[in-house]
Amino acid sequence: MELFEAIRTTRAMRRLDPNRPVAERDLWTILEAATKAPSGGNRQVARWLVVTDARRRAEIGRLYGEAWGSVRGSYVAAQGEGAPSAILRSADHLAAHMGEAPVIIIPCSRAGDPASIYPACQNLFLAARGLGLGTALTTVHRLKEAEVKAVLDIPEDVQTWAMIPVGYPLGRWGEARRRPVEEVTYWDRYGERRTRA
Ligand SMILES: Cc1cc2nc3c(=O)[nH]c(=O)nc-3n(C[C@H](O)[C@H](O)[C@H](O)COP(=O)(O)O)c2cc1C
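Residues numbered from 1 in each chain as written. Predicted model: local features only at pLDDT ≥ 70, side-chain atom pairs only at ≥ 80, totals over all residues. Heavy atoms only, no water.

**Side note on the overall build of the protein chain**
A tally of helices and strands in the protein chain yields seven helices and five strands. Secondary structure elements in the protein chain, listed N-terminal to C-terminal, are α-α-β-α-α-β-α-β-α-β-β-α. Radius of gyration (C-alpha) of the protein chain: 18 Å, near the 16 Å computed for a compact globule of 197 residues. Along the three orthogonal principal directions, the C-alpha set of the protein chain runs to about 55 × 45 × 35 Å. The buried share among the 197 residues of the protein chain stands at 39%. Contacts in the protein chain between residues far apart in sequence, at least 24 positions, make up 80% of those at least 6 positions apart. When the accessible surface of the protein chain is totalled, it reaches about 11700 Å², and 51% of it is carbon and sulfur. Separation between the mean location of the 28 positive side-chain charges and that of the 23 negative ones in the protein chain comes to 3 Å. (Helix = DSSP H or I, 4+ residues; strand = E, 2+ residues; numbered from the N terminus. Rg over C-alpha atoms; globule rule 2.2 N^0.38 Å. Buried < 20%, exposed > 50% of the residue type's maximum accessible area, 1.4 Å probe, protein only. Contact = heavy atoms within 4.5 Å. Areas by Shrake-Rupley, 256 points an atom, 1.4 Å probe, with all protein chains shown as cover. Lys, Arg positive; Asp, Glu negative; His and termini not counted. Charge placed at Lys NZ, Arg CZ, Asp CG, Glu CD.)

What follows is the structure, given as structure tokens:
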């Protein structure tokens, strides 16, 4: 897949096929892509916990669902009146089915700063896109982090920065909807926009 097409079409894929397994070789490929990302001082603090065991997936999936349930109300309130948005419906679906994702990847580190983790996650997402695999960056599990860590035998001084379901998407890829680059880019002075040539 062409690089810029992958960038344009990599987005949160929350509906994943629970019955289509992900090949271990593809997991190695996307994890290796993650390891190629930059990190502060090249310290490479990220550790990747790949959860394939059905029982552990189900347990952390349940915890994810509970964590989402405790913040869902604030998302609904922020959204205002009307039918639930597509994002809310898709987030609800993931909350109900996280544990059924064929694979769940948890990026971890002993360091307290995730700045060296999320660039690696994005590499992983792009590599997954290249292989036709869907992913979604989620973080609400951190509300239940101690319990998630207990399920996965993660030491107390190790933090978990995301819960990333991986699988073949049930939906279509489509282009991620984002604000136009000209709207969010300033030149030389904050607020000074320029029309793209
Ligand atoms: C820091 C961060 C935390 C996120 N946490 C969650 C989460 O806990 N649950 C979830 O369903 N999506 C989560 N998302 C996904 C965003 O909701 C998603 O990227 C955004 O809605 C854009 O979706 P799209 O890429 O499909 O257009 C998170 C994204 C980021 C960058």
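Following the structure, the description resumes.
**Considering unusual backbone geometry**
One non-glycine residue, Asn-42, lies in positive phi territory at about 50 degrees. Tracing the sequence through the fold places Asn-42 in the loop between helix H2 (24-35) and strand S1 (47-51). Although it is not a glycine, Asp-188 adopts a positive phi angle of roughly 70 degrees. Relative to the assigned elements, Asp-188 resides in the segment after helix H7 (181-184).

**Details of the packing of H2 against helix H5 (residues 118-130)**
Interaxial distance between H2 and H5 falls to 7 Å at its minimum, and their mutual angle equals 145 degrees. For H2 against H5, the interelement crossing comes out right-handed. Contact residues: H2 offers Ile-30, Leu-31, Ala-33 and Ala-34, while H5 offers Ala-120, Asn-123, Leu-124, Ala-127 and Ala-128. A class-by-class count of the residues in the contact of H2 with H5 yields eight nonpolar, one polar and no charged. (Axes fitted to C-alpha atoms, helices over the stretch in contact; angles between N-to-C directions. Left-handed = near helix turned anticlockwise from the far one by under 90°. Nonpolar A, V, L, I, M, F, W, Y, C, P; charged D, E, K, R; others polar.)

**Some points on the pattern of salt bridges**
A complete count under the given rule lists 11 salt bridges for this structure. A salt bridge links Glu-175 to Arg-8; its shortest N-O distance comes to 3.9 Å. One end of the pair, Glu-175, is in the loop between strand S5 (164-167) and H7; the other, Arg-8, is in helix H1 (residues 3-9), and 167 residues separate them in sequence. When its relative accessible area of 53% is taken as the criterion, Glu-175 is described as exposed. Across the pair Arg-189 and Glu-192 runs a salt bridge whose closest N-O atoms are separated by 2.6 Å. The exposure class assigned to Arg-189 is exposed, which follows from its relative accessible area of 53%. Overlapping salt bridges bring together Arg-62, Glu-66, Lys-144 and Glu-147 as one network. (Salt bridge = Lys/Arg side-chain N within 4 Å of Asp/Glu carboxyl O.)

**Points about the site of the ligand**
Around the ligand, a shell composed of Arg-11, Ala-12, Arg-14, Tyr-64, Ile-87, Ala-91, Leu-137, Thr-138, Thr-139, Val-140 and Arg-178 is seen. Within the side chain of Arg-14, one N or O atom sits 2.8 Å away from an oxygen atom of the ligand. The backbone of Thr-139 places a nitrogen or oxygen atom 3.0 Å from an oxygen atom of the ligand. Burial of the ligand by the protein chains amounts to 65% of its free accessible area of 620 Å². Partitioning the shell around the ligand into residue classes produces six nonpolar, two polar and three charged. (Near = heavy atom within 4 Å. Polar contact = N/O pair within 3.5 Å; in protein donor to acceptor, adjacent residues only side chain to side chain.)

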